[in-house]
Amino acid sequence: MADPPVTAAFPHRHLLGIEGLSPDEITILLDASDAYVELNRQAEKKRDALRGRTVINLFFESSTRTRTSFELAGKRLSADVINMSVGTSSVNKGESLIDTAMTLNAMHPDVLVVRHGESGAVKLLSEKVNCAVINAGDGSHEHPTQALLDALTIRRRLGRLEGLTIAICGDVLHSRVARSNLLLLTTMGARVRVIGPRTLLPANVERYGVEVFHDMKAGLDGCDIVMMLRLQMERMQGNFIPSIREYFQFFGLDYDKLAAAKEDALIMHPGPSNRGVEIDSEVADDFSRSVIREQVEMGVAVRMACLDLLGRNTEELGARNL
Amino acid sequence: MAHGNWTHAMPDDPLGSVAYVNARLLDPATGLDAMGGVLTEGEKVVAVGPNITREGASLADTIVDCRGQCLAPGLIDIRVQIREPGEEHKGTLESEGRAATAGGVTTYVCLPNTTPVIAEVSEVEFVARRARLLGLSKVYPYGAVTKDLKGVEIAEIGTLAGAGAVAFTDGEKAIANTQVMRRALSYASTFGLLIVQHPEEPGLAAGGVMNEGEIATRLGLPGLPSAAETILVERDLRLLALTGGRLHFAHVSCAEAIDAIRKAKAAGLRVTCDTAPPYFALNETSVGDYRTFAKLSPPLRGERDREAVVAALADGTIDVIASDHAPQDEDSKRLPFAQAANGGVGLETLLSVSLELYHNGHLPLLEVIGKLTRAPSELMNLPAGKLSPGEAADIVIFDPDRAWKVDADQLASKSKNSPFDGRPVQGMVIRTVIDGRTVYAVEN
C-alpha cells in the first residue's frame, strides 16, 4: 500500500481545541484532510499509517455521527479501534472520569478520542494520560474537528476562508461547535457574524471579534455562508425561548430569510438538525444550497488527518521513552 | 504555611512571665505603632510599651527577642469552615487549628454548615469544648439562622446565643426568602444579635459556576452575574431599614454591591461587611484553564470589581478581612469545573496576602492589621484583638517583608485547595502565642 499522503508535522501532542492554534497549524490540518478526501473517494481506502496503533473512542455522551466518523477514520488508517460508550448516568462523577482515564491509560492506547458533557473535562483527562487526546466535544466549550470539517467544506467550495462573510445562527450559548468555529474562522481571516435571540448568545460574544445581530435578515445580508446551529434543548436549564414555534418564526432558516444572503450562499449545519425548529426541511434538502451531507463526508477526512498527525507524534514520544 | 513547628502547649502547663522585646508593636485598638515590648504573666498581658526591653524586663522568666519584627494581637478570622463534625476527611478542629496557628490566627469563628448543622446548644458546646481541649486557636461558632439551613423556619437563635454562638448565618447559603430574612433580622434585633448574610440571589445564580463574562464564554462555562450579589445586598438593605437590627454581608466581591453598602452606611444603617483575600488579590483570569482551586463562592470577579474591593478596604466601606477558609478534598476538586466544589483554604495565607495591601501602598500596615484584629473583635464582641494589660496573651509575631512562595502541598490544612498555590508572597508568621503559650514558632 502507498505511503500516507500527508507529510507535514503537527506541533501539538493533543487536539483539545482550536484555541491556541495558529493559522499555519490550521492550514496543516486542512491540507492533510484534503488529501484524505481524495483517498476516501477511491474504492481502496485503506492506509497503513496507524497499523499497530490503538485508538479508543471514549464517549461519555451519546453520539452516533461523530463516533462513527472517528471509528471509520481510525479503521481506514489500519488502527485497532475500540469504542467505549460510558453512560452519562453512571459517569457523571469526575472521579470516575479520572479513574476511567487511568484504567485506559494502563492499556497503552496511542490516541484517545473523548467526548464529555462537561466543559474542560477532556482537558482534565488529557492531564492524566500518556497518549494523544482528541477532543470530540466537551460541554459547551469546543469541538475542534467539527470546526475543521466546516472549514474544509467551505475551502473546497469557495477556495478560501479569508475575506468570506459567515453567519453563525441560533443557539450559540450552548454550542461548542459555535465556539470552535468562531475561533477558527476569525483566526483564518473570515468576517464572522453571530445571529440569535439575546438569551441564546453568551455574554461578551463580541470579544471574539465578531459582529452581533438579533435579526436574521439583517445578519444574513450579503453572507457567503449561513451556518445554522442545533437548538440544544437538552443543555438548557430553564426556559430560554418561549416556544419552538416562536423560535422558528424569528430564527428558523427558511427561504424568506435566506433571500437576504448572497444568491449562492451555502447552508451548513453540524447535524443532527431539528427540522422545523432551526431550519426548514426544504432548505435543508436543497442540494443547490445545502452542503450538510458534504460536511459529513469531510468529517471522516478531517478525523483521518488528525489521527494520522497526532499518531505520528506519539511514535516520537514512544521512541523517546525507550 | 508551615515554615515552623507546633508545640504541644496544653492548658495545664505551668506558665511564668515572658517578655517579648525588641518588637515593632502594632495595636490597632489603641493606634500603637512603636518599638517596644510586651510582658505576659501566665495567660494574660500585663504590660505593653517602649519600656519593656531586655534590660527593663530582666526579671521575666523568659525573654523572647523579636529582632525588630512586628508584634500584633493574634489575628481573628470570622469566616472559617472546619468540616468537623461530619466531614473529617476534609478538615478537623485539630488540622485546621494547626493551619490557623501557622497563619497567626488565634481566634476564629466557624460556620454552622457542618453535619449536623450547628443549630443546637449541644453542637455549639461540642465545638467550643473540642477546641479548648486541643489548646490551639480559640473557636467560636456561628449559629444557624434557619433550621437545618433550609431557609424556612428561624432557628432558636436566642438560646444558641446564650450557649455561645457569637452571630448567626446560614453559611454558604443565602437566606433567600424575603419574608424569612425580614423576620430573621427583626427577631435577631430583639436580642441585639448579628445576622451574617451570604449575598447571592439564588434564582439568578442558579447554574452559574464562574463570573459571567468573556472568560466564562470562552471556557463554555455557565456564567454567574455579579448582579446576583448586588440584588441581594440591595434587598437586604431595604429590609434592614424596615426592621432595624444589625446586618453583616460576608465576602462582598463586586463594585455595585459595595456601592450600595457604602451608601447605606452613609445613611446610618447598621450594616458592615467583609471580604476575603481572593477578592482583592485575584480576579477571574485565575480560573485559567479550568483551575478548580480558583472555583470559589462568590466567584472570582473581573478586574474592575477587584479594584473596587481594594478601594472599599481603603475607604473603610469593607470593615473586616476574613479568610473564607473552605477545605475541600481532592475528590471534590479533581473534577470537571462545573462539578467541582466551591471554596479555597485560606487560614495560612490570610496575613501574607492581606499584607499585599500594605506592600502595594493601598493601606497603612496598622490598618491592614486592624481589619484582622480590632474590626472583627468589635463586630462580634469577642474578648480578643487587643494588646492591653488584662487581655488574654494572644499574640502574633511576623516579619512583614520575608518572602516565600505558597506551595499547596506544604499547607498544614488537611485539604490543599489553595487558590494562591504557587504565588510568591511577602510576610511570614514567626510565632503564634495563645493564652501566653507559644503554640507555633519558626526557628530563626
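Position numbers for residues count from 1 along each chain, tracking the sequence in the order it is written. Both sets of labels track the order of writing: A upward for chains, 1 upward for ligands. Thresholds applied to this predicted model are a pLDDT of at least 70 for local features of residues and 80 or more for the giving and counting of side-chain atom pairs; totals over whole chains, interfaces and linings are not thresholded and use all residues. With hydrogens and water excluded, all non-hydrogen atoms of the structure serve as input to the side-chain values.

### Remarks on the pattern of salt bridges
- One side-chain nitrogen of Lys or Arg within 4 Å of one carboxyl oxygen of Asp or Glu is enough to make a salt bridge. This structure, assessed with the given rule, holds 41 salt bridges over all chains.
- Between arginine 176 of chain A and glutamate 61 of chain A there is a salt bridge whose closest N-O contact spans 3.0 Å. You can see arginine 176 of chain A sitting in helix 6 (residues 176–187) and its partner glutamate 61 of chain A sitting in the loop between strand 1 (54–59) and helix 2 (65–76), a full 115 residues away along the chain. Note on accessibility: arginine 176 of chain A and glutamate 61 of chain A belong to one class, buried.
- For the salt bridge of glutamate 303 of chain B with arginine 306 of chain B, the shortest nitrogen-to-oxygen distance reads 2.9 Å. Of this pair, glutamate 303 of chain B and arginine 306 of chain B both sit in helix 10 (residues 303–315), separated by three residues, roughly a single helical turn. Counting from the N terminus, the helices are the DSSP runs of H or I reaching at least four residues and the strands are the DSSP runs of E reaching at least two. Here the term buried applies to any residue with accessible area under 20% of the maximum for its type, exposed to any over 50%, and partly exposed to those in between, with areas from a 1.4 Å probe on protein chains only.

### Digging into empty space enclosed by the protein
All names here are of chain B.
- Of the grid points, spaced at 1 Å and generated over the protein atoms alone, those admitting a 1.4 Å probe that cannot get out make up cavities, while open sets with protein on both sides within 12 Å along at least five of seven lines make up pockets; any residue with an atom within 4 Å of a point is treated as lining. Grid points are joined across faces, edges and corners, and a volume is the space filled by probe spheres set on the points. Applying the stated criterion across every chain yields a total of five cavities of 30 Å³ or more.
- Its volume calculated, the largest cavity comes out at about 140 Å³.
- What lines the largest cavity is a set of 18 residues, and nearest its centre among them are Tyr279, Leu296, Asp324, Gly343 and Gly344.
- For the lining of the largest cavity, the per-class residue count stands at seven nonpolar, nine polar and two charged.
- Put simply, the second largest cavity is a space of about 60 Å³.
- As for the second largest cavity, its lining consists of 14 residues, and the residues nearest its centre are Ala102, Glu348, Ser352, Trp404 and Val429.
- Those elements that place two or more of their residues in the lining of the second largest cavity are helix 12 (350–359) and strand 18 (424–434).
- The biggest single contributor to the lining of the second largest cavity is helix 12, with three residues.
- Its residues placed into classes, the lining of the second largest cavity shows nine nonpolar, four polar and one charged.
- Per the annotation, domain bounds derive from an automatic or database assignment of domains. The residue makeup of the lining of the second largest cavity includes at least three contributed by each of domain 1 (5–71 + 392–398 + 424–441) and domain 2 (73–380). Residues are grouped as follows: nonpolar covers Ala, Val, Leu, Ile, Met, Phe, Trp, Tyr, Cys and Pro; charged covers Asp, Glu, Lys and Arg; every other residue, Gly included, is treated as polar.

### A few points about the sheet that holds strand 8 (residues 105–110) of chain B
Residue and element names in this part refer to chain B.
- Strand pairing is assigned whenever DSSP detects at least two bridges linking the two strands. Read across the open sheet, the three strands follow the order 7-8-9; overall the sheet is parallel. Strand pairing shows two members of the sheet lacking a second neighbour, strand 7 (75–80) and strand 9 (138–141), which therefore form its edges. Averaged over all pairs of adjacent strands, the angle between their axes in this sheet comes to 20°, without regard to strand direction. Interaxial angles span 0 to 180 degrees and are taken between N-to-C directions of axes, which are lines fitted to C-alpha atoms, for helices over the stretch in contact.

### Points about helix 12 of chain B
All names here are of chain B.
- Counting buried positions along helix 12 yields eight of 10 residues, so the element is predominantly enclosed.
- Along helix 12, the positions that sit buried rather than exposed are Leu350, Leu351, Ser352, Val353, Ser354, Leu355, Glu356 and Leu357.
- Positive phi appears at glycine 361, one or two residues downstream of helix 12, with a value of about 80°.

### Some remarks on the interface of chain B and chain A
- We call two residues in contact whenever any of their non-hydrogen atoms come within 4.5 Å of each other. Of the residues lining the interface, 18 residues belong to chain B; the matching set on chain A comes to 25 residues.
- The quantity reported as buried area is the accessible area (1.4 Å probe) lost by two parts once they are put together, taken as the sum for both. Its largest share of buried area at the contact with chain A, chain B owes to Thr217, Arg218 and Arg334 of chain B, together 35% of the area lost on that side.
- For the interface between chain B and chain A, the tally reads two salt bridges.
- A salt bridge links glutamate 214 of chain B to arginine 207 of chain A; the nearest nitrogen and oxygen atoms lie 3.3 Å apart.
- Nitrogen and oxygen atoms within 3.5 Å of one another constitute a polar contact, given that in protein one can donate a hydrogen and the other can accept it, and given that sequence-neighbouring residues count only through two side-chain atoms. Joining chain B to chain A, the criterion identifies eight residue pairs in polar contact (both at pLDDT 80 or more).
- When residues of the side of chain B that touches chain A are assigned to their parent elements, the largest contribution, four residues, is made by helix 6 (residues 214–219) of chain B.

### Description of the packing of helix 5 (residues 144–158) of chain A against helix 6 of chain A
Residue and element names in this part refer to chain A.
- Relative orientation of the contacting elements helix 5 and helix 6 amounts to 55°, with a least axis distance of 8 Å. The angle between helix 5 and helix 6 places the two elements in the oblique class. Like other packed secondary-structure pairs, helix 5 and helix 6 cross with a definite hand, here right-handed. In contact with Pro144, Gln146, Ala147, Leu148, Asp150, Ala151 and Ile154 of helix 5, helix 6 contributes Val177, Ser180, Asn181, Leu184 and Leu185.
- Residue classes in the contact of helix 5 with helix 6 are distributed as eight nonpolar, three polar and one charged. Each angle gets one of four labels, with under 35 degrees taken as roughly parallel, over 145 as roughly antiparallel, 65 to 115 as roughly perpendicular, and the rest as oblique. The crossing is said to be left-handed when, going from far helix to near helix, the turn is anticlockwise and less than a right angle, and right-handed when the turn is clockwise.

### Focus on the packing of helix 7 (residues 227–243) of chain B against helix 8 (residues 255–266) of chain B
Residue and element names in this part refer to chain B.
- The interhelical angle for the contact between helix 7 and helix 8, taken along N-to-C directions, is 15°, at an axis separation of 8 Å. Relative to helix 8, helix 7 is oriented roughly parallel. In this structure, helix 7 meets helix 8 at a crossing whose hand is left-handed. Here Glu229, Thr230, Val233, Glu234 and Leu237 of helix 7 come into contact with helix 8, specifically with Glu256, Ala257, Ala260, Ile261 and Ala264.

### Quick word on the pairing of strand 14 (residues 246–249) of chain B
Residue and element names in this part refer to chain B.
- The pairing of strand 11 (residues 194–197) with strand 14 spans four bridges and is parallel. Within strand 14, the position partnered with valine 196 by the bridge is histidine 248.
- Examined bridge by bridge, strand 14 and strand 15 (residues 271–275) share three bridges and lie parallel to one another. Looking at the pairing, phenylalanine 249 lines up with cysteine 273 of strand 15.

### Considering the environment of threonine 107 of chain B
Residue and element names in this part refer to chain B.
- Along the chain, threonine 107 turns up in strand 8.
- By relative accessible area, threonine 107 is classed as buried at 0%.
- In this structure the C-alpha to C-alpha distance between threonine 107 and leucine 300, which are 193 residues apart in sequence, comes to 26 Å.
- The contact partners of threonine 107, leaving out residues within four places of it in the chain, are Leu75, Ile76, Asp77, Ser137, Lys138, Tyr140, Leu382, Ala384 and Asp394.

### As for the domain arrangement of chain B
Residues and elements named next belong to chain B.
- Under the domain assignment, chain B is made up of domain 1 (5–71 + 392–398 + 424–441) and domain 2 (73–380).
- Taken together, the 30 residues of domain 1 in the interface contact 30 residues of domain 2.
- Summed over both partners, the interface of domain 1 with domain 2 comes to about 2300 Å²; 67% of that surface belongs to carbon and sulfur atoms.
- Our count for the domain 1 to domain 2 interface comes out at two salt bridges.
- Among the ionic pairs, lysine 138 bridges to aspartate 435, the shortest N-O distance being 2.7 Å.
- For the pair domain 1 and domain 2, the interface holds seven residue pairs in polar contact (both at pLDDT 80 or more).
- Secondary structure elements with two or more residues in the side of domain 1 that touches domain 2: strand 2 (17–27), strand 3 (32–41), strand 17 (395–405), strand 18 and strand 19 (437–441).
- If you tally residues by element for the side of domain 1 that touches domain 2, the top one is strand 18, at eight residues.
- Across the side of domain 1 that touches domain 2, the residue classes break down as 20 nonpolar, five polar and five charged.

### Quick notes on the packing of aromatic side chains
Residues and elements named next belong to chain B.
- Note on aromatic pairs: the rings of Phe, Tyr and Trp (six-membered ring only in Trp) are paired at centre separations within 6.5 Å, and the planes decide the class, stacked below 30 degrees, edge-to-face beyond 60, tilted for the rest. All told, the structure shown has three aromatic pairs over all chains when counted by the stated rule.
- A ring pair is formed by tyrosine 187 and phenylalanine 191, whose centres lie 5.3 Å apart and whose planes are at 75°; its orientation type is edge-to-face.
- Judged by its relative accessible area of 37%, tyrosine 187 falls in the partly exposed class.
- Classification of phenylalanine 191 by relative accessible area gives partly exposed; the value is 44%.
- Only when the NZ atom of a Lys or the CZ atom of an Arg is both within 6 Å of the ring centre and within 35 degrees of the ring normal do we say a charge sits over the ring. Over the aromatic face of tryptophan 6 sits the side chain of arginine 98, whose NZ or CZ is 4.4 Å from the ring centroid.

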